[in-house]
Amino acid sequence: MTTQQLTQQIKKKNSFLCIGLDVDLNKIPKHLLSEEDPVFAFNKAIIDATHQLCVAYKPNTAFYEAYGLKGWKALEKTINYLNENYPDIFTIADAKRGDIGNTSTMYAKAFFEDLAFDSVTVAPYMGKDSVEPFLAFENKYTIMLALTSNEGAFDFQTKIVEGKELYKHVLETSKSWKNSINLMYVVGATKAEYLADIRTIVPDSFLLVPGVGAQGGNLQDVCKYGMNDNVGLLINSSRGIIYASQSEDFAEAAFQKAKELQEQMETILNS
């Protein structure tokens, strides 16, 4: 999927919602635990209930890797189900990879070729040669951590280096990398006041914005400072949607929570 196709989906659905599929067996409805693959059964129900309200799904790979081979198989079944049944949905492997060049190439092949995700999140701490291997894949997108919403973000990301916050150096430097047109960036919703500055550096790039909902981020503020002419935002909500209920009505409850966010987005898009 290209960013042009993603923008078309946003306009068609009046939504820029991304739903995080962070599946914890301790939190899913108990009746699913008797399924052969509880993780996939949960994901399938959530996807079938919410796909018309969102434009992207983002499985966090840690929640699958934690269950070993069974978890990885559930991830594979989930992405295959999305690609086969809802090919217009943008898919994000939230893996936060980043290593020396040949290793990054293998990470990229795993997520882009074997699992056929549209995008993957990466950590840029090791610099150019750890990110460019991901950028080499045509019509695939690398979503680089820029300014995150966790408490520890202030340990490094906002430190002043040569008169400027470090995250701004990261953004500016990344624009010089080969195939940087394939870059998107993670910016936490709880850092909404920083978005105006970020947009001066990367005005046209898509921003993946986690933290709306359970982490306290404000959708209106994010859109005020972060939206561009092509919307340019993917607002992620995970726990607030997928764990709206732990009863047998969990899929319907997820639909209702997703619908609430989608309706807010529709209002913003049409205002």
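Presented here is a report on the structure given in the accompanying data block. Please read all numbers here as calculations on a predicted model, not as lab measurements.

### Brief notes about the pairing of strand 2 (residues 56–59)
Here is step 1 of the chain: Side chains of strand 2 alternate between two faces, with Ala 56 and Lys 58 and Tyr 57 and Pro 59 buried alike.
Here is step 2 of the chain: Pairing of strand 1 (residues 17–21) with strand 2 involves four bridges; the strand directions are parallel. Pairing of Leu 21 across the sheet is with Pro 59, part of strand 2.
Here is step 3 of the chain: Running through helix 2 (residues 38–50), the crossover from strand 1 to the neighbouring parallel element strand 2 is right-handed.

### Overview of the packing of helix 10 (residues 219–226) against helix 12 (residues 250–269)
Each packed pair of helices is defined by two parameters, the angle between the axes and the distance between the axes.
Here is step 1 of the chain: Contact pair helix 10 / helix 12: the axes reach a minimum separation of 11 Å and the direction vectors enclose 35°. When the axes of helix 10 and helix 12 are compared, the crossing they make is right-handed. Note on element contacts: helix 12 touches helix 10 through Leu 261, Gln 264, Met 265 and Ile 268, opposite Leu 219, Gln 220 and Cys 223.
Here is step 2 of the chain: Its residues placed into classes, the contact of helix 10 with helix 12 shows five nonpolar, two polar and no charged.

What counts, and at which threshold
Residue indices follow the written sequence of each chain, beginning from 1 at its first position. In keeping with the model being predicted, local features are shown solely for residues with a pLDDT of at least 70 and side-chain atom pairs are shown and tallied solely at 80 or more, while totals for entire chains, interfaces and linings include all residues. To obtain the side-chain values, all non-hydrogen atoms of the structure were included, while hydrogens and water were left out. Relative accessible area decides the class of each residue, using a 1.4 Å probe on protein chains only: under 20% of the type maximum gives buried, over 50% gives exposed, and in between gives partly exposed. By the criteria applied, helices consist of DSSP H or I runs no shorter than four residues and strands consist of E runs no shorter than two, each listed in order from the N terminus. Two strands make a pair as long as DSSP finds a minimum of two bridges between them. Whether a crossover is right-handed depends on one test, that the path from the first strand over the helix to the second runs clockwise when the strands point away from the viewer. Note on definitions: angles span 0 to 180 degrees between N-to-C directions of axes, and those axes are lines fitted to C-alpha atoms, for helices only across the stretch in contact. In this scheme the crossing of two helices becomes right-handed for a clockwise turn of the near helix relative to the far one and left-handed for an anticlockwise turn of less than a right angle. We call two residues in contact when some of their heavy atoms are within 4.5 Å. Under the grouping applied here, Gly and all other residues not named as nonpolar or charged are polar, the nonpolar ones being Ala, Val, Leu, Ile, Met, Phe, Trp, Tyr, Cys and Pro and the charged ones Asp, Glu, Lys and Arg.

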